[in-house]
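# What the coordinates show
The lines below spell out each chain.
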Amino acid sequence: MVAGSLGWWGVPVAILGGAIRVSTPFLFVSLGECITEKSGRINLGLEGTLIMGAMTGYAASFLTGSAMLGVLVAGLVGLLLGGLHALICQQPRVNDVAVGIALMLFGTGVAFFFGKPFIQPQAPRLPSIDLGWWTDIDQLHSALQINILFPIGLLLAPVILWALNNTRWGLIVRIVGDSTDAALAMGYSVNFVRLAATALGGVLAGIGGSFLSLYYPGSWAEGLSSGQGLMAVALVIFARWSPLRCCGAALLFGGAGAIGPALQSVGVTEGYYLFNAAPYVLTLGIMILTCSRRHTLAGAPGALGVVQ
Amino acid sequence: MAEQSFAAAAEPAAEPEPAAPSADGGAGAFGEKLRRLGEAAAVPLLALFASLVAFGLFMLALGFNPLEVYELIWRGAFGSYFSWQNTLVRAAPLILTALCTALPARLGLIVIGNEGALVIGGIAAAAAGLAVDTAPPLVIDLVMAAAGMIAGGVWIASVGALRHFRGINETISSLLLAYIAIALMNHLVEGPMRDPSSLNKPSSYAIPDAAMIGPMPGTNVHWGLAFGVIFAILSYVLIERTTFGFAARMVGGNERAARMAGLNVGRLILVVCFLGGAAAGLAGMVEVAAVTGRANASLAVGYGYTGILVAFLARQNALAVIPVAILLGGIGASGGLLQRRLGLPDATVLVIQGIIFVMLLMSEGVVGRLNLFQRTRDG
Amino acid sequence: MSAAQALALEAIGVSKEFGPVKALVDVAMKVPAASFHALLGENGAGKSTLVKCVMGYYRPDSGAVLVDDREREIANPRDAHDLGIGMVYQHFTLVPAMSVAENLVMGRSRVPAIIDWRAERRELAAFMERMPFRVPLNAPVASLAAGEKQKVEILKQLYLDRRLLILDEPTSVLTPAEADEVLGMLRDRVRSGQLTVLMITHKFREVMAFADEVTVLRRGRLAGAGIVRELTTADLSEMLIGSEQIPQSAAKTARMNADQRLQIRDLLAEDDSGAVAVDGVNLAVRSGEIVGIAGVSGNGQSELMQVLAGQREPRQGEIRVHGEPYGRTRTEMAAHKVFCLPEEPLRNACVAAMSVAENLAFRVFDQPPFAAGGWWLNRAALHQSARELISRYRIKTQSPEAPIATLSGGNVQRTVLARELSGEVEVLIVANPCFGLDFLAVAEIRAQIVAARNRGAGVLLLSEDLDEILELSDRVFVMFEGRLVYETAIGDADLGTIGARMAGH
């Protein structure tokens, strides 16, 4: 252990800093999926969107020299993939879950295909806000570097909540998601609303993906994401489709994901893989606790078929 | 108590004039069979054709000659004795991992944790094989197969249990368990099970050479292919021709109706999930016993994920899985040729698979929309 | 709000076909402004289709729809709404997770991009002052009872300033007292010139009590029309059914009350959301009797049926058949000869993708001769048996291999009947067997149920159709909020008391 460092206190500090870092993609993807599921559709293809967002964001950042532009491009790519998901799902007899799996594989494949030339080069990274200026303890200082997307994500949650309750579009999304019959009777185009909601979800997922390559871990390589897109879906269920609870859940997952690297930073390398499996185990555990075979979950949008 | 959905209420309320009841049941039944076969094959064939075109356009856009690409894929997959061997070796695990999705799908469960079951099966097989490494080779192989199947079976049976007893979505849970399995494998292979002499790529100790599964006579393809074919045929017979399979199909068709008939839904789910997982676990065992000789990260190279596509393309039919697995094995086999001749990255095969999967689903939609095989409602 | 002026509606020569099915043939209907008009007809007569043409869901193949004596092109429901025509459906079109207030506001054709809830709530409160019945504005619709939901649906139409209101069987989810309250209030509005009402119904009592005029459809054609004051129920009956032989309701043979077939003790079960739906039900059904449970939909009947059919796990309580504990396993069902006819048979008792032959085999596929050695399917035997049942029960299907989803509602029910009733039946549990079926199928099915009773089965009948309960039962119970609140032998049954109990009094 480095002299003058925090010693074992470094672990919770690292977890805190790591939680903020690791939770940022969860935050964006889960908020996006929250919107999509509020409209009555589940998008399991977010893993593919996440990876495509990471690759295109990195590539755009490298080619243009601006990380923020990379984020924008990633969002756009997410829009397209989300739109594709919705367009296929609205065809008759098509299974939403299968479409998600297909796009997950498709997105991953295309990302690796086009991403080959970007593995080596280093692209400009996203800026961060320095909340640790007051300390010169290294670990604390680095833990308090907040990336710029994190506060944006936090702010997004109450905005989405407000929109769902107080704007015409937000209420339409909720109507379409809760009762297809009611939406049709009111004359709303269920397909169009879901298309918009899924595309918007894709934008946020793409942005979340760009964070992975442009901030932490901060480079483009295969294996960048392993299941974060999927965990976000479980996260939304755990958060009972409330945007604010999604924030809390994202931080929880971020903390779980930060355990492994945090322990590594103080020299604990045994069981590295097992600690990195913590988020998956946590997700599974949460699902076991919250789901029940007897009844539907409170707050589930009525048109969402997947949760009973 | 009886709230009809809006969609159902949109059907015309009047009963149509009754059609004359079919006096000639035989021809009607045959015609029905033909229609069903046509409907079943139409979607995958359309999908493959559309994928060919889409991929060709993709290659064109990147500056390659699509015809040249098609030719290379053909050559790499089926063009020579050598490429056929390559294809069949790849098809072997695909048949088994596809069953991991196809079997639970008949019960209405969408399981995609094939990769996890394969990995867990491989690890368990390696551990078991090493534990009895002084026994005769046949015994070692049997023990390894049993271990692989049981481990994979339990892994996916858990997914079924979570779904049946806790209502947890099986697609999500199976994928989570897959990631956990891979993490477990990495941990074991780099830690407790590690062979210190494997420096470059952490691996377990090797199983005895004599226990390695050899090639089938006259070919370079190992017996794993035969295991896959037999498993697929037995699965098909189970699902289509036995009372167990009938009950399983009832559950898959409408769980409420199955419950009303008193079927033990939980038991059916657990058994079928176990069988699917056992198939994938066997694939893992075959990878260890026939290909690598030891357990390491090369267990998780994507046979599981490709297996998902095989199952969907075969429309969850255990027999159809065999030719589809050969097709996709061929595409995978051609990857090397594409890489060497045209400099395409190895992810090209993933792109082809992704395109096929997307096209498959769009074909479902197109056929559904065109109502090509729709019957008129009868009186 | 503008002073509402009731609309007049007229349909002239309306025809509509769906492929080979002629749903409407040259139908004419005249609804004067500020009148209460009944549209009477059996299931399948074309009432829904006619009304959907008026509402813009369908375009008539020929003919015209006139609103206030002007021919109108109603291409979609929005056009109908703009003309001031609104419809209250049989199923609810409210959004369950949203509050009554949110439902009302979002039902408007013009909603501001950002909603000022304070102002909206004020307006809504003022509106509610003018209405004769109250509903809680902030309660989520899912928490309301069926009767309250129906009231909200009607309120929504009034809130949206509709001047012609089409009601599709509005009282099917209401107690007799609630039905009178709602229809009475609508009739008052009609009298005051603010509203025209077109009500689809099959209940003579409502036609005679509330309607000014009536139009009767039969098999897609106009069978008659007239002023209600000048008609008798016999006239209505003749227009409705025509000169067809009315099948006599099956005679019930006198039965010696014998053994207890089905016993239910202190049964407690929850619904899908976890709320208590069956709240301590106790009853016994003896051999050779039909026990009918009447009640308005949503009082636990569905859940009770599902528990008895093995589709829902009860929380507490005991179910016994032939005196032995009954766990709803397949062996018990076969041993005790327990059979079920659940409501919505395609949804609850059939596998839509499987063929008619396979659906017919659900009870027997694992027994000889259909299962060799108990595990190998004997397909030939299956098909042979299916052919016999199809001909015996007159199931109209293109072939035994056709997926059951291609059959009409009546034939699906016949299939389930054939499967459940063709053997020896000791206990029969039936729910809403005749919902949505045509007259002949209804008579057929009821006859089969009585026949099973006459052969000695103990029958438990749950139905939302009080007439059906009264026609078939030997003993009548009323179910309200999950409990059985009234019991009577059919001879002593008093409609007034039953109605009151159904409403919870």
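Each value, and the rule that gives it
- By convention here, each chain's residues receive numbers from 1 onward along its written sequence.
- Each chain takes a letter, starting from A, and each ligand takes a number, starting from 1, following the order in which they are written.
- Totals for whole chains, interfaces and linings use every residue, but because this is a predicted model, local features are given only for residues with pLDDT of at least 70 and side-chain atom pairs only at 80 or more, for both listing and counting.
- Numbering of helices and strands runs from the N terminus; a helix is a DSSP stretch of H or I covering at least four residues, while a strand is a stretch of E covering at least two.
- Partly exposed residues are those whose C-beta has more than 12 but fewer than 20 other C-beta atoms within 10 Å; with 20 or more the residue is buried, with 12 or fewer it is exposed, and the C-beta atoms are placed from the backbone.
- Residues are treated as contacting if the C-beta atoms built from their backbones sit within 7 Å of each other.
- Each radius of gyration reported is based on C-alpha atoms, and the globular scaling rule is 2.2 Å times the count of residues to the power 0.38.
- We define the nonpolar core as any set of buried residues of the types Ala, Val, Leu, Ile, Met, Phe, Trp, Tyr and Cys, connected via C-beta atoms lying within 7 Å of each other.
- Domain start and stop points were drawn from an automatic or database domain assignment.
- A pair of strands is treated as paired once DSSP finds two or more bridges between them.
- Fitted lines through C-alpha atoms serve as axes, helices being fitted only where they are in contact, and the angles separating the N-to-C directions of these axes extend from 0 to 180 degrees.
- To estimate how far a helix should extend, the number of its residues minus one is multiplied by 1.5 Å.
- In these notes the angle categories are as follows: under 35 degrees is roughly parallel, over 145 is roughly antiparallel, 65 to 115 is roughly perpendicular, and the rest is oblique.
- For any pair of crossing helices, the crossing counts as left-handed if the nearer helix is rotated counterclockwise from the farther one by less than a right angle, and right-handed if it is rotated clockwise.
- Gly is placed with the polar residues, together with every amino acid not listed as nonpolar (Ala, Val, Leu, Ile, Met, Phe, Trp, Tyr, Cys and Pro) or charged (Asp, Glu, Lys and Arg).
- As a per-residue measure, pLDDT tells how confident the predictor is, with possible values from 0 to 100.

## Some details on the overall build of chain B
Looking only at helices and strands, chain B has 14 helices and zero strands in total. Along its sequence from the N terminus, chain B presents helices and strands in the succession α-α-α-α-α-α-α-α-α-α-α-α-α-α. Here chain B holds 379 residues, and 56% of them are scored as buried. Look at the contacts in chain B between residues 6 or more apart in sequence, and 77% of them connect residues 24 or more apart.

## Things to note about the overall build of chain A
Of regular secondary structure, chain A possesses 13 helices and two strands. Computed over the C-alpha atoms, the radius of gyration of chain A is 20 Å, within 12% of the 19 Å expected from 2.2 N^0.38 for a compact globule of 308 residues. Overall, chain A is about 70 × 45 × 35 Å in size when its C-alpha atoms are taken along their principal axes. When burial is assessed residue by residue, chain A has 58% of its 308 residues classed as buried. Relative to all contacts within chain A whose residues are 6 or more apart in sequence, the contacts with residues 24 or more apart total 77%.

## Some points on the nonpolar core
Grouped together as the largest cluster of nonpolar side chains are 406 residues, with contacts concentrated most on Leu235 of chain A, Leu99 and Val321 of chain B together with Val54 of chain C. At 17 residues, the largest contribution of residues to this core is made by helix 11 (residues 265–292) of chain B. Counting contributing residues, this core receives three or more from each of domain 1 (9–241) and domain 2 (260–337 + 424–502) of chain C. Sequence-distant contacts of Leu99 of chain B, that is, excluding residues within four places in its chain, are made with Phe231, Ala232, Ser235, Gly276, Ala279, Ala318 and Val321 of chain B.

## Here we look at the interface of chain B and chain A
Listed by partner, the interface residues are 41 residues for chain B and 45 residues for chain A. Listed by contribution, the elements that provide at least two residues to the side of chain B that touches chain A are helix 6 (137–166), helix 7 (170–190), helix 12 (303–313) and helix 14 (348–370) of chain B. Among the elements that take part in the side of chain B that touches chain A, helix 14 of chain B stands out by supplying 14 residues, more than any other.

## Here we look at the sheet that holds strand 5 (residues 70–72) of chain C
All names here are of chain C. Here we have four strands laid out as an open sheet, ordered 2-1-4-5, and antiparallel in their pairing. With one partner strand each, in any of the chains shown, strand 2 (21–31) and strand 5 form the two edges of the open sheet. Strand-to-strand twist in this sheet, taken as the mean axis angle between neighbours without regard to direction, amounts to 30°. Where strand 4 (residues 62–67) meets strand 5, three bridges bridge the pair, whose relative direction is antiparallel. Directly across from Val67, in strand 5, lies its bridge partner Arg70. Relative to the sheet, helix 1 (residues 47–55) contacts strand 1 (9–18), strand 2 and strand 4, its axis offset from that of strand 1 by approximately 115°.

## Comments concerning helix 6 of chain B
Structurally, the α-helix is built with 3.6 residues per turn, so residues lying three or four positions apart point the same way. The terminal C-alpha atoms of helix 6 of chain B lie 42 Å apart, and with 30 residues this matches the ideal 44 Å at 1.5 Å per residue to within 8%. Phi turns positive, to about 65°, at Gly167 of chain B, one or two residues after helix 6 of chain B.

## Some words on the sheet that holds strand 21 (residues 475–480) of chain C
Residues and elements named next belong to chain C. Read from one edge of the open sheet, six strands run 16-19-20-13-21-22, paired in mixed fashion. Both edges of this open sheet fall to strand 16 (338–341) and strand 22 (483–489), since each of them pairs with a single strand only. Neighbour to neighbour, the strand axes of the sheet diverge by 15° on average, direction disregarded. Of the strands in this sheet, strand 13 (289–294), strand 19 (427–431) and strand 20 (458–463) are in contact with helix 15 (residues 439–454), which crosses strand 20 at around 150°.

## Observations regarding unusual backbone geometry
Glycine aside, the phi torsion of most residues is negative, and most peptide linkages are trans. Of note, the bond from Tyr216 of chain A into Pro217 of chain A is cis; its omega dihedral lies within 30 degrees of zero at 5°. With respect to the helices, strands and loops of the structure, Pro217 of chain A is situated in the loop between helix 9 (190–214) and helix 10 (228–238). Positive phi, close to 60°, is recorded for Trp241 of chain A, a residue that is not glycine. Although it is not a glycine, Ala34 of chain C sits at a positive phi angle of roughly 55°.

## A look at the environment of Gly491 of chain C
All names here are of chain C. As for its placement among the helices and strands, Gly491 is situated in the loop between strand 22 and helix 17 (495–502). With 7 C-beta atoms packed within 10 Å, Gly491 lands in the exposed category. Between the C-alpha atoms of Gly491 and Asp474, which are 17 residues apart in sequence, the distance is 8.2 Å.

## As for the pairing of strand 2 of chain C
Residue and element names in this part refer to chain C. Sheet topology note: the strand 1/strand 2 ladder contains seven bridges and is antiparallel. Across the sheet, the residue bridging to Ala11 is Met29, located in strand 2. In this antiparallel pair of consecutive strands, strand 1 and strand 2, the connection spans two residues, and Gly19 shows a positive phi of 65°.

## Quick notes on the packing of helix 4 (residues 81–106) of chain B against helix 13 (residues 321–342) of chain B
Residues and elements named next belong to chain B. Relative orientation of the contacting elements helix 4 and helix 13 amounts to 130°, with a least axis distance of 7 Å. Compared by their axis directions, helix 4 and helix 13 come out oblique. Handedness of the helix 4/helix 13 crossing: right-handed. On the side of helix 4, the interface is formed by Ser83, Asn86, Thr87, Leu88, Arg90, Ala91, Leu94, Ile95, Ala98, Leu99 and Ala102, while helix 13 contributes Val321, Ile322, Ala325, Ile326, Leu328, Gly329, Gly330, Gly332 and Ala333. In the contact of helix 4 with helix 13, the residues fall into 13 nonpolar, six polar and one charged.

## Examining the pairing of strand 1 of chain C
Of the strand pairs in this sheet, strand 1 of chain C and strand 4 of chain C are connected by five bridges, and their pairing is antiparallel. In the sheet register, Glu10 of chain C faces strand 4 of chain C, and the bridge partner there is Leu66 of chain C.

## Describing the environment of Ser204 of chain B
Residue and element names in this part refer to chain B. Examined against the element boundaries, Ser204 turns out to sit in the loop between helix 7 and helix 8 (224–241). Between the C-alpha atom of Ser204 and that of Leu88, which follows or precedes it by 116 residues, the distance is 26 Å. For Ser204, the residues in contact, after removing those within four places along its chain, are Ala126, Val189, Met193, Arg194, Asp195, Arg294, Ala295 and Asn296.

## Things to note about the packing of helix 7 (residues 168–178) of chain A against helix 9 of chain A
All names here are of chain A. Viewed as axis vectors pointing N to C, helix 7 and helix 9 meet at an angle of 115°, and their least axial separation amounts to 10 Å. In this view, helix 7 runs roughly perpendicular relative to helix 9, as classed from their interaxial angle. As helix 7 packs across helix 9, the resulting crossing turns out to be left-handed. Packed against helix 7, whose contacting residues are Ile172, Val173 and Val176, the element helix 9 presents Val190, Val193, Arg194 and Ala197 at the interface. Here the contact of helix 7 with helix 9 is composed, by residue class, of six nonpolar, no polar and one charged.

## Notes on the confidence of the model for chain B
Residues and elements named next belong to chain B. Averaged over all residues, the pLDDT of chain B is 86; the fraction at 70 or higher stands at 90%. Low pLDDT, under 50, characterises residues 1–25; the stretch is placed with 65 contacts to residues that sit more than four places away or in other chains. Long-range and interchain partners of residues 373–379, a stretch whose pLDDT sits below 50, account for 25 contacts in this model, where long-range means more than four residues apart. Scoring of the predicted complex yields 0.86 for pTM and 0.87 for ipTM.

## Here's the deal with the environment of Phe118 of chain A
Secondary-structure assignment places Phe118 of chain A in the loop between helix 4 (96–115) and strand 1 (128–130). Contacts of Phe118 of chain A, omitting those with residues within four sequence positions, involve Met55, Tyr58, Ala59, Phe62 and Trp220 of chain A.

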